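Each chain, written out:
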Amino acid sequence: MRGVAVVALVATALLRPAPIVGQIVMGRVVEDGTGIPVAGALVRWVDEDGDRGPGSLTTSEGRYRIELRGSATGAIEIDRIGYATMRVAPVTVPAEGVVQRDLVLEARALVLEGLEVEGEGRRCDLREEDGGRTQVVWSQVRTALEAATWTRREGGLLFRLRNWVRSYEPGSETPGDEERRVVRSRGGNSVQALSIEQLEAEGWVRRTDDGGAVYSGPDAETLLSDWFLANHCFALAASDGASGEDGGRGWLGLSFEPVPGSGRPGLAGVVRVDRESARLLGLDFRYVDLPAELRAGDAGGSVEYATLPDGRWVVREWSIRAPVIGRYVEDTAFG
């Protein structure tokens, strides 16, 4: 028997105006040539050493707001799904007061439709930017994941969560039993993974004292962490849409698998991006390097993302499939 847990959600944005305090950079982001406000762009502060600092997602009116801890000179970096990263510098923020800086986003669209998968092998560290095709796709995935992380930290969303827990007999597509419940939650997302320290020590599947197992899934912060990037290898993956998925357009993505030799249950899978819009579609994963007694069934899961009208990213649906581990004893006439 295997169990499936699925969560679908509806999110309602609760916008609250923030008071002006400390050192602040604020303004609007509009499209070059049209003046149309750019919603859902990730605007971040970059210091003189090139380190990224606090950021903000632009609202439906294209407005952003970055709070700093003191006077500084640096740059403003703008990431928008489907566009190349843009950086504006220099920007100087005084010890007190507000800097108003309106930004015009240049139309330098990234084209993923014609990007070929063949010819570029695995990369086992995406933290070094070299402009390769894997890095181009990763830049779009990273932007969406960072926006999802920002949404969770900021909160301000009211969720109605629908939860399903289903059990299936081996080989059956019809659940034998099902539990449902609906709950409300205020926060920034419906998914939160274990800490990096726990994953590093125990892996993605950990045994319980009663002989069972607990299967954990990833969230955006885990996928963005230095630990995940340093302990997984990545390669381009693609679907041509021939099966009718994603409206027939197909997807482009990054497959990942753990670096060999960790000795702990790992995670492998693929992050999918829409070829036409470069928007993050979702993540499919499976559990690997499991001990022999846990290698049963099709253990894995998925995370599906969606963007709200105001540009914020949320997890629309997630699921984990895991076998129910038990012990079977047969008593025969021969003992």
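Rules behind the numbers
Residues numbered from 1 in each chain as written. Predicted model: local features only at pLDDT ≥ 70, side-chain atom pairs only at ≥ 80, totals over all residues. Heavy atoms only, no water. Helix = DSSP H or I, 4+ residues; strand = E, 2+ residues; numbered from the N terminus. Areas by Shrake-Rupley, 256 points an atom, 1.4 Å probe, with all protein chains shown as cover. Salt bridge = Lys/Arg side-chain N within 4 Å of Asp/Glu carboxyl O. Buried < 20%, exposed > 50% of the residue type's maximum accessible area, 1.4 Å probe, protein only. Contact = heavy atoms within 4.5 Å.

Draft legend 1. Geometry of the overall build of the chain. The helix and strand inventory of the chain stands at four helices and 19 strands. On the chain, roughly 17300 Å² of surface is accessible, and the fraction owed to carbon and sulfur atoms is 48%.

Draft legend 2. Examining the pattern of salt bridges more closely. Summed over all chains, the structure comprises 13 salt bridges. Its salt-bridge partner being D79, residue R44 comes within 2.2 Å of it at the nearest N-O pair. One end of the pair, R44, is in strand β3 (residues 42-47); the other, D79, is in strand β6 (residues 72-79), with 35 residues separating them in the sequence. Of the two residues examined, R44 and D79, each falls in the buried class. Measuring nitrogen to oxygen at the nearest pair gives 3.5 Å for the salt bridge that ties D298 to R321. With D298 in the loop between β17 (280-288) and β18 (300-307) and R321 in strand β19 (residues 313-323), this residue pair connects regions lying 23 residues apart in the sequence. On the basis of relative accessibility, which here comes to 51%, the residue D298 falls in the exposed class.

Draft legend 3. Structural context of the environment of V183. Its place among the elements puts V183 in strand β11 (residues 177-187). Considering only alpha carbons, one finds V183 and L161, 22 residues apart in sequence, at a separation of 5.3 Å. Look past the residues within four positions of V183 in its chain and what remains in contact with it is F159, R160, L161 and N163.

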